[in-house]
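Results of the structural survey
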There are 2 protein chains.
Amino acid sequence: MDRRVKKKDNDDTSGKERPTLKTLAFMTGLGVTTVSRALKDAPEIGAETRRRVQLVAKQIGYRPNRAGVRLRTGKTNVISLVLNTEHELMSFVSDIIYGVTEVIADTPYHLIVTPYSRSQDPLDPVRYLVETGSADGVIISRTQPNDPRARYMLEHGVPFATHGRTDMGLVHPYHDFDNYAFAGEAVRALAGKGRNRLALVTPPAGLTYYRYTVNGFADALSEAGASEVPFNTVSIDHTIKQIRMRTAQLMRRDDRPDGIISSAAAATLAVVAGIEDAGLKLGRDVDVVSKQSSEVLHLFRRELLVVNEDFRLAGSELARAVLGWIAGKEPGSLQSLSKPSEVLPYRG
Amino acid sequence: MDRRVKKKDNDDTSGKERPTLKTLAFMTGLGVTTVSRALKDAPEIGAETRRRVQLVAKQIGYRPNRAGVRLRTGKTNVISLVLNTEHELMSFVSDIIYGVTEVIADTPYHLIVTPYSRSQDPLDPVRYLVETGSADGVIISRTQPNDPRARYMLEHGVPFATHGRTDMGLVHPYHDFDNYAFAGEAVRALAGKGRNRLALVTPPAGLTYYRYTVNGFADALSEAGASEVPFNTVSIDHTIKQIRMRTAQLMRRDDRPDGIISSAAAATLAVVAGIEDAGLKLGRDVDVVSKQSSEVLHLFRRELLVVNEDFRLAGSELARAVLGWIAGKEPGSLQSLSKPSEVLPYRG
DNA sequence: TTGGCAACCTGTAACGTTTCAGTATACTGG
DNA sequence: CCAGTATACTGAAACGTTACAGGTTGCCAA
């Protein structure tokens, strides 16, 4: 298993080995310390020397060895995205990753994906990251009002950002979509079409944005003089099959809703299928407003009303937030809330 | 000169610091070297000692410091997934990541996502990974018949696996979906429904699976006595809007196809929209067979015929392949081809 | 007795980086 | 002219790990 080749001093410029500070030191005739400091613009290095070192470094394509830095300083230059492998939306995973990578592209940071599954405590992966010091910053989703992960990371001084807000009286960076506003807009749009018996396909009950959605729904309902048709048997975490079946059941009842609001595009496909299973027609018997993160629902059924949520933006904002915290900014200043688009009907 | 530098001993068991080999050495009364070897079952360590060390290590939750290992040995314990941030399918990203993480969950490996965008040479991220030694293994997608990335990694002795095959006479691990078979099955299914003027929505032209798809299509066409209606103006890399528009154009022509085969679900949504824009009806005027990676198309239109491709499986296979190569297995033994499901009509 | 050998264990060096504690030189003010 | 100090640089140590080159026993054959 010993595949290490004997290594001589790399004090030569012969150029096959990856350059290190030692290489640079030799080439410039300076000490390793000076080179190290020159590269990070330390004040006690002469301007001339600094320029010379940086020039040579650029010329030979010097890149600091991550393991060396990490071992010495503990800095990993890693951001970890913690994902639930059962319940995250497909579009969420893809877009948020791209959003994050967009932001960290010009930094020395790498993105690692830390998964956890149904069986596990969501705290597990976070605990692992913190205990092993595997990341300088963490991004979590599926945020809860009282989130043990956020509390844990605050206690341990690990910078993080949450997708969704918490409600623990603790300050930390977050990015959130304004689901209160979304639900409200959705209700008003349906009311505007004369719909007044509305059902809501909610987010999973434990998460913070469940509350915002439900509250936005309730407040707008009473304001609009509409009423709720309870539909608590499903959430967007349920399978397509379940949502479809239960929607069909719901729509066969006498007191069925004439408007439905759905918190996710995938659920909406199932809802519409359920509606049609019950022999009803979208746009005539019932209207549906749905969130979506890519322009897919209007291809599906033109009658749908949609509101867009941009997960790529969320990824970028979250990355910016963690990096900001790592850089020493106030956590309280790294919070953002993204307003929903209008409720959009199909157009050409 | 008796001013000695105070050295921070972590030789105590007081327990707040993360345990290192030194901690274990102190606790067991052994040398650091012995502990290191005992933990990796080296032969020259007494059975008794070995068990004792491993017990203590487990008790206090010792985990090797990755930076230490990496600095000393060059082993990163990292697998990198290289992704194009413009053109990967949403479902692909999500599922392949989950597939990979499933496999590496019980290993010391971490998954890092290395993105590249339109503007960049696809070789860039790979070159970066290799030059900086950032990963022990690499997974790439969007594989080309003559793929510079595969060639480069082979030359540099970096283990990797490709999603899709190459055609360079070089041996390396891959996982691929049998797109030749898919296209063939699709043609036969359409022919079975009496369709004999078929169009194909291809993968992007540069990629290997474009060829397999096109060949499978062509071979089955002549075999079935059907003919091709050329539709070279789009591929699944085009935008929804473009595909939709061009499909509509196609379908308004006199020599329009009566069957269409689509290589991706997202494209299929656009294709169907285009068909309907042209005033035609799916299942009556034209039949469409499409690949999909999640059960979404039958919710969209019942008339669609679908073939399933499992990206999560691909992720797992690719991870297994890279890990196998890293572990010293023959690259030629780490290749797998996944057969398409039957062509499935809607059922209940 | 001596030498050889196997079985087990150990100290030291090195990976590349940053930090600590200096050193050498030149300049300043008295 | 000297002390004091600012400027520009440097070597050594340390982070945690593994490889290398020994060391120390105890036992056995000669």
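So, the side chain of B:Arg149
Residues and elements named next belong to chain B.
- Along the chain, Arg149 turns up in helix 7 (residues 148-155).
- A polar atom in the side chain of Arg149 sits 2.9 Å from the backbone oxygen of Ser141.
- Residue contacts for Arg149: discarding those within four places in its chain leaves Tyr116, Pro122, Leu123, Val126, Ile140, Ser141, Arg142 and Thr143.

Some words on the pattern of salt bridges
Residue and element names in this part refer to chain A.
- Counted by the stated rule, this structure contains 48 salt bridges over all chains.
- Note that Lys75 and Asp136 form a salt bridge whose closest N and O atoms lie 3.7 Å from each other. One end of the pair, Lys75, is in the loop between helix 4 (66-73) and strand 1 (78-84); the other, Asp136, is in the loop between helix 6 (123-131) and strand 3 (137-140), with 61 residues separating them in the sequence.
- According to the relative accessible area criterion, Lys75 is partly exposed, its value standing at 30%.
- We note a salt bridge from Asp277 to Arg244, for which the minimum N-O separation is 2.7 Å. With a gap of 33 residues between them, Asp277 in helix 11 (residues 265-277) and Arg244 in helix 10 (residues 240-252) connect regions that are remote in the sequence.

Here we look at the protein's contact with DNA strand D
- Around DNA strand D sit 26 residues in total, of which A:Gly31, A:Thr34, A:Thr49, B:Tyr62 and B:Arg72 are the nearest.
- Near the protein, within 4 Å, the atoms of DNA strand D are sugar or phosphate in 60% of cases.
- Note that a phosphate oxygen of DNA strand D is positioned 2.4 Å from one of the side-chain N or O atoms of A:Thr34.
- The backbone of A:Arg72 places a nitrogen or oxygen atom 3.4 Å from a base oxygen of DNA strand D.
- Looking at the surface near DNA strand D, the elements with two or more residues in it are helix 2 (32-39) and helix 4 of chain A together with helix 2 (32-39) and helix 4 (66-73) of chain B.
- Top element by residues in the surface near DNA strand D is helix 4 of chain B. It accounts for four residues.
- Class assignment for the residues of the surface near DNA strand D results in eight nonpolar, twelve polar and six charged.

Remarks on the confidence of the model for chain A
- On average, chain A scores 93 in pLDDT, and the residues at 70 or more come to 95%.
- Every residue in residues 1-14 of chain A scores below 50 in pLDDT, and together they form 14 contacts with partners more than four places removed in sequence or on other chains.

Points about the sheet that holds strand 7 (residues 227-228) of chain A
Residues and elements named next belong to chain A.
- Ordered in space as 7-6-8-9-10, the five strands form an open sheet in which the pairing is parallel. The open sheet terminates on both sides in strands that have one partner only, identified here as strand 7 and strand 10 (305-308).
- Across four bridges, strand 8 (residues 259-262) lies against strand 9 (residues 287-292) in parallel orientation. Directly across from Ser262, in strand 9, lies its bridge partner Ser290.
- Most of the contacts of helix 9 (residues 208-224) go to strand 6 (residues 197-201), to which it runs at about 175°, and overall it touches strand 6, strand 7, strand 8 and strand 9.
- Here helix 11 sits on the sheet and contacts strand 6, strand 8 and strand 9; the angle it forms with strand 9, its principal contact strand, is near 160°.

What about the sheet that holds strand 7 (residues 227-228) of chain B?
Residues and elements named next belong to chain B.
- Pairing is parallel across the open sheet formed by five strands, whose spatial order is 7-6-8-9-10. Edge positions in the sheet fall to strand 7 and strand 10 (305-308), since each has one partner strand and no second.
- Sheet topology places strand 9 (residues 287-292) next to strand 10; four bridges connect them, and they run parallel. Along strand 10, the bridge assignment pairs Lys291 with Val307.
- Its contacts with the sheet place helix 9 (residues 208-224) against strand 6 (197-201), strand 7, strand 8 (259-262) and strand 9, and it is angled at close to 175° to strand 6.
- Where helix 11 (residues 265-277) meets the sheet, its contacts fall on strand 6, strand 8 and strand 9, and the angle it forms with strand 9 comes to roughly 160°.

Things to note about the relation of the copies chain A and chain B
- With an RMSD of 0.0 Å, the fit of chain A onto chain B corresponds to turning through 180° and sliding 0.0 Å along the axis. One copy is carried onto the other by what is essentially a two-fold rotation axis. Among all C-alpha atoms of chain A, that of A:Ile112 lies closest to the rotation axis, at 2.1 Å.

Re the side chain of A:Asp258
Residue and element names in this part refer to chain A.
- Along the chain, the position of Asp258 falls in the loop between helix 10 and strand 8.
- No salt bridge forms around the buried Asp258; measuring N to O, its nearest opposite-charge neighbour Arg195 is 4.8 Å away.
- Discounting chain neighbours no more than four positions away, the residues touching Asp258 are Gly194, Arg195, Asn196, Arg197, Leu198, Asp285, Val286 and Asp287.

Definitions and cut-offs
Residues numbered from 1 in each chain as written. Chains lettered and ligands numbered in written order. Predicted model: local features only at pLDDT ≥ 70, side-chain atom pairs only at ≥ 80, totals over all residues. Heavy atoms only, no water. Helix = DSSP H or I, 4+ residues; strand = E, 2+ residues; numbered from the N terminus. Polar contact = N/O pair within 3.5 Å; in protein donor to acceptor, adjacent residues only side chain to side chain. Contact = heavy atoms within 4.5 Å. Salt bridge = Lys/Arg side-chain N within 4 Å of Asp/Glu carboxyl O. Buried < 20%, exposed > 50% of the residue type's maximum accessible area, 1.4 Å probe, protein only. Near = heavy atom within 4 Å. Nonpolar A, V, L, I, M, F, W, Y, C, P; charged D, E, K, R; others polar. pLDDT = per-residue confidence, 0-100. Pairing = 2+ DSSP bridges. Axes fitted to C-alpha atoms, helices over the stretch in contact; angles between N-to-C directions. Least-squares fit on C-alpha atoms with pLDDT ≥ 70 in both. Lys, Arg positive; Asp, Glu negative; His and termini not counted.

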